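Commentary on secondary and tertiary structure
Here's the letter readout for the chains.
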Amino acid sequence: MAEGKKSPNWNKNDSSPILKIMTLPIAIIMIALGIMTILGGHITPGGGFQGGAMIAGAIIFCVIIYGVDGSPLKLSHRFISTLESVGALAYVLLGLAGLALTGSFLYNVGGNLYGLVPPAMAAIFSYPDVTHAGIVPYLNIAVGLKVFVGLSAVVIAFSQFKKLAEEE
Amino acid sequence: MGFANIVIGPIIIALIFGFIIGTRLHLKEEKSFKFTAGAIVALIVGGFIMAFDIGQFAIYQDFPIATVFFAAIIGVLIGSALLGGRAKGDH
């Protein structure tokens, strides 16, 4: 590294008290906004990716301010891998449900626009709100889970690389 | 408009989603800070004011506050209160 040019140390807890006091409430609000963006993806701008990135932003915010060890939002390896798997599996299974029932992958079984699915089966996949959006909100949730843990894992991994480099 | 017309599905999903993330949230971290009960009350009040300013989703029009947003905050706090202190992070 060039002389006099220091990279930010994410493992050191030397942030100002104002940042330490304000970061966690703001992070919780960011998480709530991200969840709102995910769940409103079918009727408002946004969706799974955008909401997931907002939630990941909250976690990245905490990691930068409090450091990796002092961060209040601690994502374990098992938690990350579980949510990533659940998100991917949910997306694939929703797609396969359409394939099995109608012959079209990712057919909107809950919305049932073309009337290819029995009403009883469509009711199972229907999203419980006034829009009758079918499986679209569930796909948003699956994508949101994947993006949230995926982006968080990238930043946590980068911060760990820095920690490893310091230990050597 | 009123309590009887609230769309309950997204609220429940927001509570569950917030709960899942809240299970990883430590409100009392010895190395950095302590999130007190007063701060939690302030967060809930602030969240309610924010929810009122945001308003409900575009075509729901069932209640004047963003119920999903507020439910997500409550879910995060409940998840943190029930499991946040016990979850062992290893990052």
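Further up the page is the structure itself.
Below or above, wherever it landed, is the structure these notes cover. Because the structure is a prediction, the values reported are computed rather than measured. (Residues numbered from 1 in each chain as written. Chains lettered and ligands numbered in written order. Predicted model: local features only at pLDDT ≥ 70, side-chain atom pairs only at ≥ 80, totals over all residues. Heavy atoms only, no water.)

**Regarding the overall build of chain A**
Defined as follows: Each helix is a run of DSSP H or I of at least 4 residues and each strand a run of E of at least 2, with the numbering of both proceeding from the N terminus. Only protein chains enter the accessibility calculation, which uses a 1.4 Å probe; a residue is then buried when its area is under 20% of its type maximum, exposed when over 50%, and partly exposed in between. Note on contacts: a residue pair qualifies if any of its non-hydrogen atoms lie within 4.5 Å across the two residues. Here the open area of atoms and residues is found with the Shrake-Rupley method and a 1.4 Å probe, where only the protein chains shown may cover a residue.
Scanning chain A from terminus to terminus reveals five helices and zero strands. Written out in order from the N terminus, the α and β elements of chain A read α-α-α-α-α. Relative to its full complement of 168 residues, chain A shows a buried share of 45%. Looking at chain A alone, contacts between residues at least 24 apart form 62% of all its contacts between residues at least 6 apart. Total accessible area on chain A is roughly 8300 Å²; 70% of this is exposed by carbon and sulfur atoms.

**Observations regarding the interface of chain B and chain A**
Short version of the rule: Once two parts are joined, some of their accessible surface, as seen by a 1.4 Å probe, is lost; buried area is that loss totalled over both. We count a salt bridge whenever a side-chain nitrogen from Lys or Arg sits within 4 Å of a carboxyl oxygen from Asp or Glu. In the analysis that follows, any N or O atom pair within 3.5 Å is treated as a polar contact, provided that within protein one partner can donate a hydrogen and the other can accept it, and provided that, for residues neighboring in sequence, both atoms belong to side chains.
Contact residues are listed per partner, giving 37 residues for chain B and 42 residues for chain A. Here chain B packs against chain A, burying approximately 3500 Å² in sum over the two surfaces, 80% of which is carbon and sulfur. Across the chain B-chain A interface, the total number found is zero salt bridges. Linking chain B to chain A there are four residue pairs in polar contact (both at pLDDT 80 or more). The dominant element in the side of chain B that touches chain A, judged by the number of residues it contributes, is helix H1 (residues 8–22) of chain B, at eight residues.

**Description of a nonpolar patch on the surface**
Residues and elements named next belong to chain A. Our working rule: Only residues above 30% relative accessible area that lack a salt bridge enter a patch, with like-charged residues linked at up to 9 Å and the nonpolar side chains Val, Leu, Ile, Met, Phe, Trp and Tyr linked at up to 5 Å.
On the surface, Leu89, Tyr91, Val92, Leu93, Leu96, Leu99 and Phe105 cluster together into a nonpolar patch covering about 620 Å² of accessible area. Looking at the element boundaries, Tyr91 is found in helix H3 (residues 77–102). Take Tyr91: its relative accessible area is 30%, and that puts it in the partly exposed class.

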